[in-house]
Amino acid sequence: MRKRPTATFVLAALLALVSACGQAKAGTALAKGDDAADYVGGKFEQVIGKLSDAITDTRDVTNSLDAYFKFDEKWIHSTVTSARTGSPESRAVRHRSQKNPDEIIDTYTPADGTVEYTYLGPMYVQKGVSPTAWVSMPKPEAGLVQPCVWGGVLTPCRMADSAFSAYEADKRAVRGAKSLGDGKTALTVMVPFEIFVKKKVEILPKSITDQIGPELKKAPVPATITLNPDGSLVSFGMEAKFSGDGHNVELKYDFRFTGKASLQDMPKLPDPSQITVLPDRAAMNEFYRKLGEAQGS
């Protein structure tokens, strides 16, 4: 099975797709519609085979993601901030629900040692997921084998995957490219909502996916990727509001690199007596079972 491009590779490579358009004035359209699909699509084909592991090369950075999804009257809104730094690398991810301030899950993988840590907000402790807010567990033996599984980039990887899948399904999905000034470039790809759901940009319960009919499936979700002159990411977003099959959908996802990370971005651990130790896979499975039940309640 051919690998999908990772988020960082897609974003970094897109500069090459539009830079040949030259220096345009701010707001100048570089290409539209079919012209963009023909021009940018051709360049995209040239580089896509090389886009496999670049996300592991993006070191010592901080990221942020703001994710909002609403289906009729049901909605979720969360923010994820993360940092990775050092060699070997330390990583921290902070999940915050904007709907319930007590719904917090942080993870911390220090470079040293054989364990990693999870911090649970009050909601999870009150529901009996763990007797303490901090939990430790063995690190994966193989380390960071699949970079896009890491929580700091999981959703943007899926955003990138959905954009590429839309392009694969229809080369005309590339709908526009323009200069924003200061050498920045924005590229827009139209992603059908069906692909957004299939690629699990947001993991939706069956109670919602069962209600997604043909009208909603074909609804377009613009994915806009904005790059600096050197190809580094300014932002990667998906935003849409549409109706169909008797339902209303609204979504907005905004991912960006926010700066240079350091060890100061890593959390400070409490006294060991305040950390619940999960010694093996069986204990971890039970922990994740309780966590899933708490999230679903």
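Keep in mind that this is a model prediction, so the values were computed, not measured.

Chemist: How would you summarise unusual backbone geometry if you had to cite specific residues and measurements?
Modeler: Each neighbour pair has its own omega, and for Ser87 with Pro88 the value is 5°, a cis peptide bond. The residue Pro88 is located in the loop between strand 3 (74–85) and strand 4 (90–97) in this model. Phi is positive for Lys200, close to 55°, though the residue is something other than glycine. Along the polypeptide, Lys200 turns up in the loop between helix 5 (193–198) and helix 6 (206–209).

Chemist: Pulling in residues and values, what's your account of the packing of aromatic side chains?
Modeler: Evaluated as defined, the whole model comprises ten aromatic pairs. Here the aromatic rings of Tyr108 and Tyr117 are separated by 6.2 Å at their centres, their planes lie at 25°, and the arrangement is stacked. Of the two residues examined, Tyr108 and Tyr117, each falls in the buried class. Between the aromatic rings of Tyr119 and Trp134, the centroid separation amounts to 5.4 Å while the plane-to-plane angle is 55°, which identifies the pairing as tilted. Of this pair, Tyr119 sits in strand 6 (residues 115–120) while Trp134 is found in strand 7 (residues 134–138), placing the two residues 15 residues apart along the sequence. An aromatic cluster is present here, built from Phe69, Phe193, Phe196, Phe242 and Tyr253 joined pairwise through their rings. Between the NZ or CZ atom of Lys171 and the centre of the ring of Tyr167, over which it lies, the distance is 5.2 Å.

Chemist: Would you mind going over the nonpolar core in detail, with residue names and values included?
Modeler: Core analysis: the biggest nonpolar cluster contains 43 residues, and Phe69, Phe193, Phe196, Met238, Phe242, Leu251 and Tyr253 have the highest contact counts within it. Taken together, the elements giving at least two residues each to this core come down to strand 2 (61–71), helix 4 (154–169), strand 8 (174–181), strand 9 (184–192), helix 5, strand 10 (220–227), strand 11 (233–244) and strand 12 (247–260). In contact with Tyr253, other than residues within four places in its own chain, are Asp66, Ala67, Tyr68, Phe69, Thr155, Met159, Phe196, Val201, Glu202, Phe236, Gly237 and Met238. Counting twelve residues, the second-largest nonpolar core is a separate cluster that includes Tyr124, Val129, Met284 and Ala294.

Chemist: Run through the confidence of the model for the protein, naming residues and quoting values.
Modeler: Chain-level pLDDT for the protein is 82 on average; 77% of the residues reach the 70-or-more range. Looking over the protein, one finds the lowest element-wise mean pLDDT in helix 1 (residues 7–18), namely 41, and the highest in strand 13 (residues 275–277), namely 98. In this model, residues 43–56 is a region of pLDDT below 50 whose contacts with residues beyond four sequence positions or in other chains number 36 contacts.

Chemist: Describe the environment of Met190, and please don't skip the residues or the numbers.
Modeler: Checked against the element boundaries, Met190 lands in strand 9. Overall, the relative accessible area of 23% leaves Met190 in the partly exposed class. Once the C-alpha coordinates of Met190 and Arg172 are considered, the two residues, 18 residues apart in sequence, prove to be 8.5 Å apart.

Chemist: Describe in detail the pairing of strand 6, supporting the description with residues and values.
Modeler: Strand direction decides the pairing type here: strand 5 (residues 104–109) and strand 6, joined by four bridges, are antiparallel. Within strand 6, the residue paired with Tyr108 across the bridge is Tyr117. What sits between strand 5 and strand 6 in their antiparallel hairpin is a turn of five residues, with Gly113 showing a positive phi close to 85°. Sheet analysis places strand 6 next to strand 7, joined by five bridges and oriented antiparallel. Bridge assignment links Thr118 to a residue of strand 7, and that residue is Val135.

Conventions adopted
- Counting restarts for each chain: residues are numbered from 1 in the order of the written sequence.
- For this predicted model, a pLDDT threshold of at least 70 governs which residues receive local features, and a threshold of 80 or more governs which side-chain atom pairs are given and counted, while totals over whole chains, interfaces and linings are taken from all residues.
- The basis for the side-chain values is all heavy atoms of the structure; hydrogens and waters are excluded.
- Secondary structure is summarised from DSSP: a helix means a run of H or I of at least four residues, a strand means a run of E of at least two, and numbering begins at the N terminus for each.
- Any Phe, Tyr or Trp ring, taking Trp's six-membered ring, that has another such ring centre within 6.5 Å forms a pair; planes under 30 degrees apart are called stacked, those over 60 apart edge-to-face, and the others tilted.
- For every residue, the accessible area (1.4 Å probe, protein chains only) is compared with the maximum for its type, and the residue is labelled buried under 20%, exposed over 50%, or partly exposed between those bounds.
- We count a charge as sitting over a ring when the NZ of a lysine or the CZ of an arginine lies within 6 Å of the ring centre and within 35 degrees of the ring normal.
- To define a nonpolar core, start from buried Ala, Val, Leu, Ile, Met, Phe, Trp, Tyr and Cys residues and group those joined through side-chain atoms within 4.5 Å.
- Two residues form a contact once any of their heavy atoms are found within 4.5 Å.
- A residue's pLDDT is simply how confident the predictor is in it, with values from 0 to 100.
- For two strands to be treated as a pair, DSSP must find at least two bridges joining them.

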